There are 2 protein chains.
Amino acid sequence: MAGGLLDCISDEMDHVDEIIDGICESGTPELTEMCRYVLSNHGKRLRPAMSILFYHALGGDGSDSVASTAAAVEIVHNATLIHDDINDAGELRRGAKALYREYGLSKSIVAGDYLYAMGFRLLGTTSSDIVGYVLDAAVGLAGGEFNQRDYEHNTDVDEAQYIKIIGGKTARLFEASAKCGAYYARPGDIEAIDLAGEFAFLAGHAFQIADDLLDIIGDVKATGKRVGNDIVDGKPTIPVIYAMEDPEYGPRIREIFTSSLTDYKEAEEAISLILKTDSVERCRALATAYADRAKAVISKIPDSVYRETLVNVVDYIVSRDR
Amino acid sequence: MAGGLLDCISDEMDHVDEIIDGICESGTPELTEMCRYVLSNHGKRLRPAMSILFYHALGGDGSDSVASTAAAVEIVHNATLIHDDINDAGELRRGAKALYREYGLSKSIVAGDYLYAMGFRLLGTTSSDIVGYVLDAAVGLAGGEFNQRDYEHNTDVDEAQYIKIIGGKTARLFEASAKCGAYYARPGDIEAIDLAGEFAFLAGHAFQIADDLLDIIGDVKATGKRVGNDIVDGKPTIPVIYAMEDPEYGPRIREIFTSSLTDYKEAEEAISLILKTDSVERCRALATAYADRAKAVISKIPDSVYRETLVNVVDYIVSRDR
């Protein structure tokens, strides 16, 4: 990743990739192939990056455990994505067919369970605190998914509900990643671990807000996902929530959002209306507000190339087009 | 359970039930309801019983951790059953509709993930060895499921393949349960822990052989499952494997087993043919052989009411009608 965001930890990120590749080697050829299908097609690996950056930003030096833990978090994350795609009937994931569309439902459920277990096994070799952080996130994820489902096609949803949903389904795992890194740098330092967790929890919110905005303004060539997916699914995302408040265009957007029969044509109509409201601007402001809060938290630790990179990661999160 | 199999540990088994009930309380009402739906409709809870019986059989006295761990194993087991039923398109589980048939696919996948995570969290509060035992079983389970799928409707399957499949998908979790109990009684005693694991691994084989036989000779009123399910699914079970070897009836049984269009009418035909072969007798002999090997292993530990109950559990496993 020449000249890239994560240059200062590129060796360790390569090591994370190697660990992940080793985990994919299951001894069952098709399962191995499925794990590689999911895990080799990856983005920036922001969650492991959070672990490793916080480890160094808080003075950690040389531990191998942090790379294992970072890999484990990424593995657990991908396990949940496999199940998510089944749940959402998702077609594409990072530009490739979702796993279950390529290998079928039942093998994909098992592959998800396998990666889940392997991720936790990799964590379990380290410390029970670490396992606790990631399990808390996994438990929060289930709660977030249920909350989200309760508000599908449901206009009762508001910003506060949305924040609760994305806290569970996204931000908790970012939080866990950062806490793991902090833990290895300063095992007994609850304050430092909590600070790392708070930073990443806020950054995780910014990440999901930006992600949900990409469902409206993204380009499939960059995101690897078709726009309007969330609208077709009736997912309660913040661009839709804000746009439904618009006095002029809100009523029609509500109509489309509440229908369980919405197709991509209507989703496109909804998007064109959302773009006429102040929703995109408000979403950007909300993402930026979370990013700024994250940066304020991290300003409390000593300056370093790692702290700087964490700030850059947050900026990337809110400005990314994929 | 008056005059029952597990009388000598009935207080601890009640405690296991209480812990499980507490775990079901998720803070998300529908998720809680789903967890209770699955976990309150239970059988003999043989896996937690193995933990607690081994704990006492090896001299453990008074630890509360063993009950938590026993509960955790049962929770992980039930999480895998939720996903199994989806994978097998199962209709009934213990006489009630499978969870996904009652609450839908996507919420059920999430509920499975939630219970999986909660089970491991409950384990994680104890010891990393314990987490390792159960995670090894969870990883083995995925391998077993894949192996099983490779042999669906496939006449290449033989007894050795079958033993490998059920080792992964069933016996490993029995093994983990017993090892957990032994671990709490004698933390550093690898020999005792391995002995417990070996006993339960063998007993787990006997359990699955008996289970697969019930798909042929069971009574839906007792088992809560329709007979012939496995044949309709083309699952490579030992009664079918043995019957396919029969010179007279084997060819027609193979024909039914290999067809992916087999329905319950043909499954009934297959069952009537299987009953004409020596398959049921051979299955019983195989289950008994595993039970006998398990009993030989456990004869090496001092006699006690707990050891005696473990022997009774094995006898129950091979003779049960549900």
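Note that this is a predicted model, so its numbers are computed, not measured.

(A) Main features of the interface of chain A and chain B. If you look at the interface, chain A gives 32 residues, while chain B gives 32 residues. Looking at the side of chain A facing chain B, the largest losses of area belong to Val110, Val139 and Phe146 of chain A, adding up to 21% of the total buried there. Inspection of the chain A/chain B interface yields four salt bridges. Among the salt bridges present, the one from Lys107 of chain B reaches Asp150 of chain A, with a minimum N-O distance of 3.9 Å.

(B) Region of the structure containing the nonpolar core. Residues Phe54 and Phe199 of chain A together with Phe54 and Phe199 of chain B are the most contacted members of the largest nonpolar core, which totals 228 residues. Each residue touching Phe54 of chain B, except ones within four places of it in the same chain, is listed here: Ala178, Gly181, Ala182, Leu195, Ala196, Phe199, Ile298, Ile301 and Leu310 of chain B. The next biggest cluster of nonpolar side chains, apart from the first, holds eight residues, and it includes Ile86, Ala98 and Ile109 of chain A together with Ile109 of chain B.

(C) Quick peek at the relation of the copies chain A and chain B. Mapping chain A onto chain B calls for a screw motion: a turn of 180 degrees about the axis and a shift of 0.0 Å along it, with 0.0 Å RMSD after fitting. Look at the turn and shift together and you get a two-fold axis relating the two. In terms of C-alpha distance to the rotation axis, chain A has Ser128 of chain A as its closest residue, with the C-alpha 3.3 Å off the axis. Of the interface residues in chain A, 100% have counterparts in chain B that sit at the interface too, so the contact is made through matching surfaces.

(D) Examining helix H4 (residues 65-87) of chain B more closely. Residue and element names in this part refer to chain B. Here H4 is 23 residues long and its end C-alpha atoms lie 33 Å apart, about the 33 Å a rise of 1.5 Å per residue gives. When you tally the buried positions in H4, you get 22 out of 23 residues, the bulk of the element. Remark: Ala89 follows H4 within two positions and exhibits a positive phi of approximately 50 degrees.

(E) Representation of the environment of Leu214 of chain B. All names here are of chain B. Residue position: Leu214 is located in helix H9 (residues 190-217). The buried category is assigned to Leu214, whose relative accessible area is 11%. Each C-alpha atom, one on Leu214 and one on Arg226, is 9.6 Å from the other, the two residues being twelve residues apart in sequence. Not counting residues up to four positions away in its chain, the partners in contact with Leu214 are Thr223, Val227, Arg320, Asp321 and Arg322.

(F) Region of the structure containing the pattern of salt bridges. Residues and elements named next belong to chain A. Enumeration over the complete set of coordinates arrives at 38 salt bridges over all chains. Residue Arg45 pairs with Asp17 through a salt bridge whose shortest N-O separation is 2.2 Å. With a gap of 28 residues between them, Arg45 in the loop between helix H2 (29-39) and helix H3 (46-57) and Asp17 in helix H1 (residues 10-24) connect regions that are remote in the sequence. Take Asp17: its relative accessible area is 29%, and that puts it in the partly exposed class.

(G) Examining the packing of aromatic side chains more closely. Taken as a whole and assessed by the stated rule, the structure comprises 14 aromatic pairs over all chains. Summarising the aromatic geometry, the rings of Tyr116 of chain A and Phe120 of chain A are spaced 5.3 Å apart at their centres and angled 85 degrees between planes, so their arrangement reads as edge-to-face. Highlighted residues: Tyr116 of chain A and Phe120 of chain A, both in helix H6 (residues 105-124), separated by four residues, approximately one helical turn. Taken together, the aromatic side chains of Tyr116 and Phe120 of chain A together with Tyr116 and Phe120 of chain B make up a single cluster linked through ring pairs. Stacked on the ring of Tyr242 of chain A, the Lys or Arg Arg282 of chain A has its end atom at 3.8 Å from the ring centre. The positively charged end of Arg47 of chain B is found above the aromatic ring belonging to Phe207 of chain B, 5.4 Å away from the centroid.

(H) Representation of the packing of helix H15 (residues 279-298) of chain A against helix H16 (residues 305-319) of chain A in the model. Residue and element names in this part refer to chain A. It is at 10 Å that the axes of H15 and H16 come closest, and there the two elements cross at 175 degrees. Overall, the two elements H15 and H16 adopt an arrangement that is roughly antiparallel. Seen from H15, the contacting residues are Ala287, Thr288, Ala291, Ala294, Lys295 and Ile298; seen from H16, they are Arg307, Leu310, Val311, Val314, Asp315 and Val318.

About the thresholds
- Numbering of residues begins from 1 in every chain and follows the order in which that chain's sequence is written.
- To read the labels, note that chains go from A and ligands from 1, taken in the order they are written.
- In view of the model being predicted, local features appear only for residues whose pLDDT reaches at least 70, and side-chain atom pairs are presented and counted only at 80 or more, with totals across whole chains, interfaces and linings using the full set of residues.
- For side-chain calculations, the full set of non-hydrogen atoms in the structure is used, while hydrogens and water are omitted.
- The contact rule is simple, with two residues in contact once any of their heavy atoms fall within 4.5 Å.
- Summed over both partners, buried area is the accessible surface (1.4 Å probe) that two parts give up on being assembled.
- When a carboxyl oxygen of Asp or Glu is within 4 Å of a side-chain nitrogen of Lys or Arg, the pair counts as a salt bridge.
- Here, nonpolar core means buried Ala, Val, Leu, Ile, Met, Phe, Trp, Tyr and Cys residues that are tied together by side-chain atoms lying within 4.5 Å of each other.
- Per-residue accessibility, obtained with a 1.4 Å probe over protein chains only, is compared with the maximum for each type, and a residue is labelled buried under 20%, exposed over 50%, and partly exposed between these values.
- A least-squares superposition brings the copies together, and it is based on the C-alpha atoms of residues with pLDDT no lower than 70 in both.
- Every helix listed is a DSSP run of H or I at least four residues long, and every strand listed is a run of E at least two residues long, numbered separately from the N terminus.
- Take the number of residues in a helix, subtract one, and multiply by 1.5 Å to get its expected span.
- Note on aromatic contacts: the rings of Phe and Tyr and the six-membered ring of Trp form a pair at centre separations within 6.5 Å, being stacked when their planes are under 30 degrees apart, edge-to-face when over 60 apart, and tilted otherwise.
- Geometrically, a charge over a ring is one whose NZ (Lys) or CZ (Arg) sits within 6 Å of the ring centre while staying within 35 degrees of the ring normal.
- Throughout, an axis means a line fitted to C-alpha atoms (over the contacting stretch in the case of helices), and angles, computed between N-to-C directions, take values from 0 to 180 degrees.
- The labels follow the angle: roughly parallel below 35 degrees, roughly antiparallel above 145, roughly perpendicular from 65 to 115, and oblique for the rest.

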